[in-house]
Structure formats: structure tokens, C-alpha cells
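# Architecture at a glance
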Amino acid sequence: MGYNLKGRSLITLLDYSPQDVRYLLDISKQVKAESRSRAKFKRFEGLTLAMLFEKRSTRTRLAFESAFTEEGGHAIFLSKNDIQLGAKESVEDTARVLGRMVDAIMFRGFKQEHVEILAKYSGVPVYNGLTDLCHPTQVLADLMTIEENFGKLKGIKLVFMGDGRNNMARSLMIGAAKMGMDYVVVSPKELRPDEEFIEKAMEISKETGAKVSFTDNVEEGVNGADVIYTDVWASMGEEDKLQERIKMLKPFQVNEKVMEMTGKEEAIFMHCLPAVKGQEVTFEVIEGKKSRVWEEAENRKHTIKALMIATLL
Ligand code: CP
Ligand code: NVA
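This report concerns the structure included in the present document. Since we're looking at a predicted model, the values are computed, not measured.

## Topic: the site of ligand 2
- Every residue near ligand 2 is listed here: Leu 130, His 135, Asn 166, Asn 167, Asp 231, Val 232, Ser 235, Met 236 and Leu 273.
- One of the side-chain nitrogen or oxygen atoms of Ser 235 is found 2.7 Å away from a nitrogen atom of ligand 2.
- Within the complex, the protein chains bury 95% of what would otherwise be the 270 Å² of accessible surface of ligand 2.
- Considered class by class, the residues forming the shell around ligand 2 number four nonpolar, four polar and one charged.

## Topic: the nonpolar core
- Of all hydrophobic cores here, the largest spans 60 residues; its most connected members are Leu 49, Tyr 127, Leu 158, Met 181, Tyr 183 and Met 308.
- Leu 191, Trp 233, Met 259 and Val 281 belong to the second largest nonpolar core, which has 22 residues in total.

## Things to note about the site of ligand 1
- The environment of ligand 1 is made up of Ser 57, Thr 58, Arg 59, Thr 60, Arg 108, His 135, Gln 138, Cys 272, Leu 273 and Arg 300.
- In the environment of ligand 1, an oxygen atom lies 2.8 Å from a nitrogen or oxygen atom belonging to the side chain of His 135.
- When ligand 1 sits alone it has 250 Å² of accessible area, and the protein chains cover 96% of it.
- Residue classes in the shell around ligand 1 are distributed as two nonpolar, five polar and three charged.

## Comments concerning the environment of Glu 220
- Position of Glu 220 relative to the elements: it lies in helix H8 (residues 218–222).
- Judged by relative accessible area, Glu 220 falls into the exposed class, the value being 54%.
- It is 9.2 Å that separates the C-alpha atoms of Glu 220 and Thr 262, two residues lying 42 residues apart in sequence.
- The residues contacting Glu 220, other than those within four sequence positions of it, are Lys 157 and Thr 215.

So, how was this worked out
Residues numbered from 1 in each chain as written. Chains lettered and ligands numbered in written order. Predicted model: local features only at pLDDT ≥ 70, side-chain atom pairs only at ≥ 80, totals over all residues. Heavy atoms only, no water. Near = heavy atom within 4 Å. Polar contact = N/O pair within 3.5 Å; in protein donor to acceptor, adjacent residues only side chain to side chain. Areas by Shrake-Rupley, 256 points an atom, 1.4 Å probe, with all protein chains shown as cover. Nonpolar A, V, L, I, M, F, W, Y, C, P; charged D, E, K, R; others polar. Core = buried A, V, L, I, M, F, W, Y, C linked by side-chain atoms within 4.5 Å. Buried < 20%, exposed > 50% of the residue type's maximum accessible area, 1.4 Å probe, protein only. Helix = DSSP H or I, 4+ residues; strand = E, 2+ residues; numbered from the N terminus. Contact = heavy atoms within 4.5 Å.

Okay, structure coming up:
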């Protein structure tokens, strides 16, 4: 085929073309089928992945570590209590040491700048496992889940409700724009994505035929939605804002009434997880038959494995 992403990092989805995303989703489908048939491979034999965590994680750590290990690789978990990253040793120096010892690096933390420095100085592929700015590997799993449900991405109406300025709302906006989707953020005006990213999404949409819009009118925003997506009201690192957010975001909770307002029986509910049931989403919706959150969580592993296959082999 001649198409590959060997040597590439995934810092933000902005760096990936729609064709690159398509390529990753196709490999994801293949590795999911392999997993269902219990086929075993040793694609990462002899390779080492360093996983750096400043913030907690269940899905991202498990996805990277289990995907890499079952393919014969060795994944090393390093929390901020284990290494010097940014404390006694600069991120640049840490990156240069890691680059001489491992084949790939995953980083979850606060600053986007740190994941950029790791990529620049390590010389090996670096995967952004979530920063305050974005969460690109989550978007790959979300796109896969949407495509599995509707058989396509183009033209699908994806509505993000809640904290529209967080890493998920921003990353989904870029992913949806790249794949020609109809993306709507339903949030208070103060919690819309930042202008810089809106402009980027608009620019991409011109080429892909996507639509990106914003509203604080729930009924209007969710009308005709195929997917209702939400995320926590206070992301990691901003727990002190929770009380203020609860007040602001109460009208933007995803509940059964919101799912009905879509006017589509086949509309689905998605959430990157972890969820706070009773805040951004009701128990009935997340546990109900429209919820796809567990498929979505599983797809983290398949898409992450696909990303590593495409960039390491
Ligand atoms: N969705 C997600 O990234 O989950 P974790 O925080 O558990 O990794
Ligand atoms: N917005 C959330 C996503 C968690 C996967 C956070 O950053 O905490």
C-alpha cells in the first residue's frame, strides 16, 4: 500500500490528515476483529514503551499497557512520583534519556508543551494520553464507536453537551471537522471552546464539508442529533471549580428528556469516562439502552493498538 505513519507522534489530531485518521480506523477494525477471534501476534516483540503519568488513568493506561504487552512488548509505567520529569530534571533532558532507552513514549499530564518537548527531544514516537488541551487517542475510539453504530462518519450529527471548553470538547471538534461531521457544542456561552481552535476547526471544515456550531439552547442544539456526548463538569486539575460548574451546567445535563429531544429513536449516548452519574448524565441514560460507553471504552484499546502499529512498525 505504501501508506504508513511510521515514526510519527500523536500530539494533537491537528497533525493528522483525514486520510491518516481513516488509515488508523481501518487498522483498528482489523485489530478488533483479531481480538474477537483470539488471534495472537507478537508485533511489538523486543520493543519498550515508557508511559508517563502526572494524572490518574484507568482506560488510557490499561489500553496502552495491555495492547503493548499482549503484542510481546514491554510497557513501563512511570508516575510523577517515580521519575524526575519537570522536577529535578527538565522535560528536555528526560526526553533525551528516554529516547535512548525506549522505542515510544506515552504522556498524560497537564501541559501540552510537555508532550511537545518530549516529541521534539526524544526522537521516538510520542503519544498524547491526555493533557489539559486535548485527548486525541480518545477521539480515535469515539470515531470508531460512531462508525460502528452508523456505518459512517460523514454527516453524522455529534452534539457535545456541558463543559465546552474542556480537552474533550476541543478534541472532538477537531476530529469531527476532519471527518466531515456535523458538530455542535451545547453549553453556556462562557464555556465554549477557545477561538483559536474554533478557527482551526472552521478552516478544516471548509475542506471536508463538516459543520461546526455552538449554542446555549439545548432544544435547538440536540434536535436531529445522532450522538449525544458529554464529559465531567470539572476535569482533572480543576476540581476547585466544581461547585461553580454544577450551577452553570445543571441545565446541560444529559437526561432522558434530552435523548428524546433528539427526535431520533436510534440516537446514542457517549462519554469518554470516568462519569459522575447524576451530574453531567443521569443514571438512566448512561445505564440505558442508548448508551455505548462500554463499547467506547473497549475501543480505546483497539485504536491505541492500531496507532502504535501504524507508527512503530
Ligand atoms: N477516558 C479516559 O481517558 O479514561 P482514563 O482517564 O481512565 O484514562
Ligand atoms: N475532561 C476529562 C477527561 C477525562 C478522560 C479530564 O480531563 O479530566
